[in-house]
Amino acid sequence: MLRMAKKICIVGSGNWGSSIAKIIGANAAASPDFESRVNMFVKEEVIQNRNLSEIINESHENVKYLPGHILPENIIAVPDLATAATDADMFIFVVPHQFIEGLCNEMKGVVKPGAIGISLIKGVDHSDKGFRLISSIIGEILKMDVSVLMGANIAHEVASGMFCETTIGTKSLPNGQAFKKLLQTPNFRICVVQDLETVEICGALKNIVACGAGFVDGLGLGDNTKAAVIRLGLMEMMKFTRVFFPEVKPQTATFLESCGVADLVTTCYGGRNRRVSEAFAKTGKSIVELEKEMLNGQKLQGPQTASEVVSVLKSKSIDLNEYPLFTAVYRICFENLPPSSFIECLQNHPEHM
Ligand SMILES: NC(=O)c1ccc[n+]([C@@H]2O[C@H](COP(=O)([O-])OP(=O)(O)OC[C@H]3O[C@@H](n4cnc5c(N)ncnc54)[C@H](O)[C@@H]3O)[C@@H](O)[C@H]2O)c1
């Protein structure tokens, strides 16, 4: 018999994964289009002698990654990925990008044909397999259509039900609309666009710009400087997208969606990459040390994305001076350039020549 209600699986249960689970759980329970039970893959860890998955299933709170918020009771934490994924029709991928390839390989044999996915993961990958979007990695390994969702969505604000917007980028409008149905609420408003690459690249690159914003905060510079970082960062994001994805003709309008300018603004004022980079400029401690000290298991994306972007620029023999802000963030995080030198990439930016 044809099953009409779609079965949902969330791959990930960090800060953003748990926040989006609040929305998904409530929407799945309220609509006949979805099965009420939603599996959420939880990478098991022990918290005060108890398994995190058991704590979540008993208290409905992810005490490590989203403390203080109660998840709907139909969100079921499942520590075995293959069990969580079996028979699902719609997948939400929401883990730090460094883990996604391994997780997809674990899921390979159990994903049913015709299943669709959406990636909420902000990052890109550059390896011996070339430069790849996270949605492409998932799509290639699992042979499924993968849309993306990116926007000005700081997790704890979404979990608290504060109003925000977001953008779904998709190659398949019906699939994009199906995910909109699952994810939209009165306070989480979604625009669907068919410019997937631009939406995803915006989500990844903005974390590099956020590190720059953190450095200028740490250096005690003002709001004018921060605005310049945001604008010059946006220019580099637009140039990078046009250079690397000429075939999709990235739309300027997409940069004006929530995934573009709005996410840049919010992340340069509120996000974890900005916060840790500010502390980096102030304290001189290493990024790795600060990630451990300040983030309680959450992962930073900006420095790693800067490293991937610089590596892809070098591999294509592109002059790093074309992307001075991205390059300065990389050199400050990985090559001992002092944060005080960040201002030089703004002063000598090609936008002013
Ligand atoms: N937090 C936000 O405000 C926010 C908002 C929008 C998008 N995002 C993006 O969403 C994605 C996920 O972020 P998050 O905030 O949910 O995660 P997080 O930074 O809270 O990461 C912790 C998660 O990683 C998992 N993990 C740790 N080691 C692992 C391993 N070896 N293998 C597999 N999983 C492992 C943990 O179990 C936990 O679920 C990221 O790409 C992030 O950029 C985050």
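As shown above, the structure is provided for reference.
Residues numbered from 1 in each chain as written. Predicted model: local features only at pLDDT ≥ 70, side-chain atom pairs only at ≥ 80, totals over all residues. Heavy atoms only, no water.

A. Spatial organisation of the sheet that holds strand 7 (residues 116–119). Spatially, eight strands are ordered 5-2-1-6-7-10-11-12 in an open sheet, and the strand pairing comes out mixed. Because the sheet does not close on itself, it has two edges, and the strands there are strand 5 (75–78) and strand 12 (188–193). Each adjacent strand pair in this sheet contributes to an overall mean axis angle of 25°, direction not counted. Strands in contact with helix 1 (residues 15–30) are strand 1 (6–11), strand 2 (34–41), strand 5, strand 6 (90–93), strand 10 (145–150) and strand 12; relative to strand 2, the strand with the most contacts, it is inclined by about 165°. Running at roughly 50° to strand 10, helix 8 (residues 196–218) makes contact with strand 10, strand 11 (164–169) and strand 12 of the sheet. (Pairing = 2+ DSSP bridges. Helix = DSSP H or I, 4+ residues; strand = E, 2+ residues; numbered from the N terminus. Axes fitted to C-alpha atoms, helices over the stretch in contact; angles between N-to-C directions. Contact = heavy atoms within 4.5 Å.)

B. Just the environment of glycine 212, in detail. Position of glycine 212 relative to the elements: it lies in helix 8. Sequence separation of glycine 212 and glutamate 278 is 66 residues, and the distance between their C-alpha atoms is 8.8 Å. The contacts of glycine 212, once residues within four sequence positions are left out, are Val229, Val329 and Phe342.

C. Expanded view of the site of the ligand. Near the ligand lie 23 residues; those nearest to it are Asn15, Trp16, Lys122, Ala155 and Arg272. Protein chains bury 88% of the 850 Å² of accessible surface belonging to the ligand in isolation. Mapping the ligand onto the cavity grids shows that it belongs to the largest pocket. It is helix 1 that contributes the most residues to the shell around the ligand, three residues altogether. Across the shell around the ligand, the residue classes tally to ten nonpolar, eight polar and five charged. (Near = heavy atom within 4 Å. Areas by Shrake-Rupley, 256 points an atom, 1.4 Å probe, with all protein chains shown as cover. 1 Å grid on protein atoms, 1.4 Å probe; cavity = no way out; pocket = protein on both sides within 12 Å on 5 of 7 lines; lining within 4 Å. Sits in = over half its atoms within 2 Å of the grid points. Nonpolar A, V, L, I, M, F, W, Y, C, P; charged D, E, K, R; others polar.)

D. Just the state of the cysteines, in detail. Under the defined criterion, the tally for this structure stands at zero disulfides. A disulfide-free cysteine, cysteine 268 has its sulfur positioned 9.2 Å from the sulfur of cysteine 211, the nearest such atom. (Disulfide = S-S within 2.5 Å.)

E. Region of the structure containing the nonpolar core. Phe215, Phe240, Leu325, Phe326, Val329 and Phe342 are the most contacted members of the largest nonpolar core, which has 56 residues in total. When residues in this core are grouped by element, the largest group, twelve residues, is from helix 8. Grouped together as the second largest cluster of nonpolar side chains are 34 residues, Trp16, Met90, Ile116 and Leu120 included. (Core = buried A, V, L, I, M, F, W, Y, C linked by side-chain atoms within 4.5 Å. Buried < 20%, exposed > 50% of the residue type's maximum accessible area, 1.4 Å probe, protein only.)

F. Inspection of helix 4 (residues 100–107) at higher detail. Within the sequence span of helix 4, burial applies to Ile100, Leu103, Cys104 and Met107. Seen end-on, helix 4 carries its buried residues on one side only, within an arc spanning 100°. On its buried face, helix 4 is in contact with strand 1, strand 2, helix 3 (81–85), strand 6 and helix 5 (134–142). (Arc of directions from axis to C-beta.)

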